[in-house]
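Commentary on secondary and tertiary structure
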Amino acid sequence: MDVIVKTISRILFPFILLVGAFIAFHGHLTPGGAFPAGAVIATGFALLVLVFREPDVEHKLTVSELIDLKSVSGIFLMILILSVGSLFRKELTELQTPLKLWSGGFTLFSNVTGMFMVITAIVLILYSLVRE
Amino acid sequence: MKEKNRVFGKLVIILLACFMFWSVMHLPPFGVFSEKGVAMYYIQNGLEKTGSANIVNSIVWDFRGYDTLGEETVLFTATIGVILIIRRKLNGRNR
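Residues take numbers from 1 onward in each chain, read along the sequence in its written order. All chains are assigned letters beginning with A, and all ligands numbers beginning with 1, in the order in which they are written. Per-residue local features of the predicted model are confined to residues with pLDDT of at least 70, and side-chain atom pairs are confined, for both listing and counting, to 80 or more; whole-chain, interface and lining totals are unaffected and use all residues. For side-chain calculations, the full set of non-hydrogen atoms in the structure is used, while hydrogens and water are omitted.

1. A look at the pattern of salt bridges
Residues and elements named next belong to chain A.
- The working definition used for a salt bridge is a side-chain nitrogen of Lys or Arg within 4 Å of a carboxyl oxygen of Asp or Glu. The full count for this structure, using the stated rule, is three salt bridges over all chains.
- Notably, a salt bridge pairs glutamate 94 with lysine 90, separated by 3.8 Å at the nearest N-O pair. One end of the pair is glutamate 94 and the other is lysine 90, both in helix 5 (residues 89-95) and four residues apart, which spans about a single turn.
- By relative accessible area, which is 58% here, lysine 90 ends up exposed. Helix numbers and strand numbers start at the N terminus; a helix is a DSSP run of H or I with at least 4 residues, a strand a run of E with at least 2. Here the term buried applies to any residue with accessible area under 20% of the maximum for its type, exposed to any over 50%, and partly exposed to those in between, with areas from a 1.4 Å probe on protein chains only.

2. Regarding the packing of aromatic side chains
Residue and element names in this part refer to chain A.
- Paired rings are identified among Phe, Tyr and Trp, the last through its six-membered ring, by centres lying within 6.5 Å, and are further divided according to the angle between planes into stacked (under 30 degrees), edge-to-face (over 60) and tilted (the rest). One pass over the structure, following the stated rule, counts five aromatic pairs over all chains.
- Their ring planes at 75° and their centres at 5.3 Å tell us that phenylalanine 13 and phenylalanine 45 sit as a pair that is edge-to-face. A residue pair is termed long-range when its members are at least 10 positions apart, and phenylalanine 13 in helix 1 (residues 3-25) and phenylalanine 45 in helix 2 (residues 34-51) qualify at 32 residues.
- A residue is classified by how much of its surface remains accessible, and phenylalanine 45, at 15% relative accessible area, is buried.
- Aromatic pair tryptophan 102 and phenylalanine 109: ring centres 6.3 Å apart, planes at 80°, arrangement edge-to-face.
- With a relative accessible area of 43%, tryptophan 102 lands in the partly exposed category.

3. Considering the confidence of the model for chain A
- pLDDT is defined as a per-residue confidence score from the predictor, taking values between 0 and 100. On average, chain A scores 89 in pLDDT, and the residues at 70 or more come to 100%.
- Mean pLDDT per element in chain A: helix 5 of chain A is the minimum at 82, and helix 1 of chain A is the maximum at 94.

4. Re the packing of helix 2 of chain A against helix 6 (residues 107-131) of chain A
Residues and elements named next belong to chain A.
- A fitted line through C-alpha atoms represents every axis, and for helices the fit uses only the stretch in contact; the resulting angles, taken between N-to-C directions, go from 0 to 180 degrees. Contact geometry of helix 2 with helix 6 gives a least axis separation of 8 Å together with a crossing angle of 35°. Here helix 2 runs over helix 6; the crossing is right-handed. In this structure, helix 2 contributes Ala34, Phe35, Ala37, Gly38, Ala39, Ile41, Ala42, Phe45, Ala46 and Val49 to the contact, and helix 6 contributes Asn111, Gly114, Met115, Val118, Ile119, Ile122, Val123, Leu126, Tyr127 and Val130.
- Grouping the amino acids of the contact of helix 2 with helix 6 by side-chain chemistry returns 17 nonpolar, three polar and no charged. Crossings are sorted by hand: turned counterclockwise from the far helix by less than a right angle, the near helix makes the crossing left-handed, and turned clockwise it makes it right-handed. Only heavy atoms matter for contacts: two residues are in contact if any of them lie within 4.5 Å across the pair. Asp, Glu, Lys and Arg are counted as charged, while Ala, Val, Leu, Ile, Met, Phe, Trp, Tyr, Cys and Pro are counted as nonpolar; the rest, among them Gly, fall into the polar class.

5. Some words on the side chain of Thr93(A)
- If you trace the backbone, Thr93(A) turns up in helix 5.
- For Thr93(A), the side chain forms a polar contact with the main-chain oxygen of Arg89(A), separated by 2.8 Å.
- Once you skip the residues sitting within four places of it in the chain, Thr93(A) turns out to touch Gly105(A), Lys49(B), Thr50(B) and Gly51(B). Any pair of N or O atoms that falls within 3.5 Å is considered a polar contact. Within protein, one atom must be able to donate a hydrogen and the other to accept it, and sequence-neighbouring residues count only if both atoms are side-chain atoms.

6. A word on the interface of chain A and chain B
- Counting residues at the interface gives 41 residues for chain A and 28 residues for chain B.
- Between chain A and chain B, roughly 3200 Å² of surface is buried when both sides are summed, and carbon and sulfur atoms account for 63% of that area.
- The interface formed by chain A and chain B holds one salt bridge in total.
- Between Arg89(A) and Asp62(B) there is a salt bridge whose closest N-O contact spans 2.2 Å. Defined in terms of a 1.4 Å probe, buried area is the accessible area two parts forfeit on being brought together, summed over both.

7. Digging into the environment of Phe106(A)
Residues and elements named next belong to chain A.
- Within the element layout of this structure, phenylalanine 106 appears in the loop between helix 5 and helix 6.
- By relative accessible area, phenylalanine 106 is classed as buried at 12%.
- Separated by 78 residues in the primary sequence, phenylalanine 106 and histidine 28 have C-alpha atoms spaced 9.8 Å apart.
- Those residues in contact with phenylalanine 106, other than ones at most four positions away along the chain, are Leu80, Val84, Gly85, Phe88, Arg89 and Leu92.

8. Some thoughts on the nonpolar core
- Nine residue types can take part in a nonpolar core, namely buried Ala, Val, Leu, Ile, Met, Phe, Trp, Tyr and Cys, and a core is a set of them joined through side-chain atoms within 4.5 Å. With 22 residues, the main nonpolar core has Phe45(A), Val57(A), Met115(A), Ile119(A), Val123(A), Leu124(A) and Tyr127(A) as its most contacted residues.
- For this core, the element with the highest residue contribution is helix 2 of chain A, accounting for seven residues.
- Beyond its immediate chain neighbours, meaning those up to four positions away, Phe45(A) contacts Phe13(A), Leu17(A), Leu61(A), Ile119(A), Val123(A) and Leu126(A).
- Ala34(A), Ile81(A), Trp61(B) and Leu69(B) belong to the second largest nonpolar core, which has six residues in total.

In structure tokens form, the structure reads like this:
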């Protein structure tokens, strides 16, 4: 790609990550949540894959790393929803102040973990389709 | 024996249809808000139960957590399927 496109996307990429992280971490206070945040961050990776060559991007963030991240976050989400979220929810919400960033009980952790699930899913499918 | 099974099957189907009509007739009318439903409970107790100010998020991740877990499972399975089908042909460097 062009030098201008490369430079602009290199500048823009951290801000896309920042917006996605904001949407995920504020999911329990403002509209948003895990799925929009994951979609936004995966859009940033799609920009990188389209602008730079796909093997260069994949060299930094390999497929096996993505699969590991996806499996770990999936198991964490399963533990969170199936057992811990219903057992210790009351104790955790008593520690937090409502309407602040540190609130929301287990929905905060679920949002961040679900964001990783969505990012890894979209980026893995993107890698496979672009290579094809 | 086969004739008997057929008659029994028809009876079961008629019984199930009767139950379905009966339960549909007792549904609340369409588009009319009723305070007895679960929606009012979510609105009134969502903040103090889950601590999440965004009611959609508290329903998605907390009250209906199993549903979202199933959604994530579908996502996981779809990704693994795409990798298995497309990457198999490529003989890729890393997996």
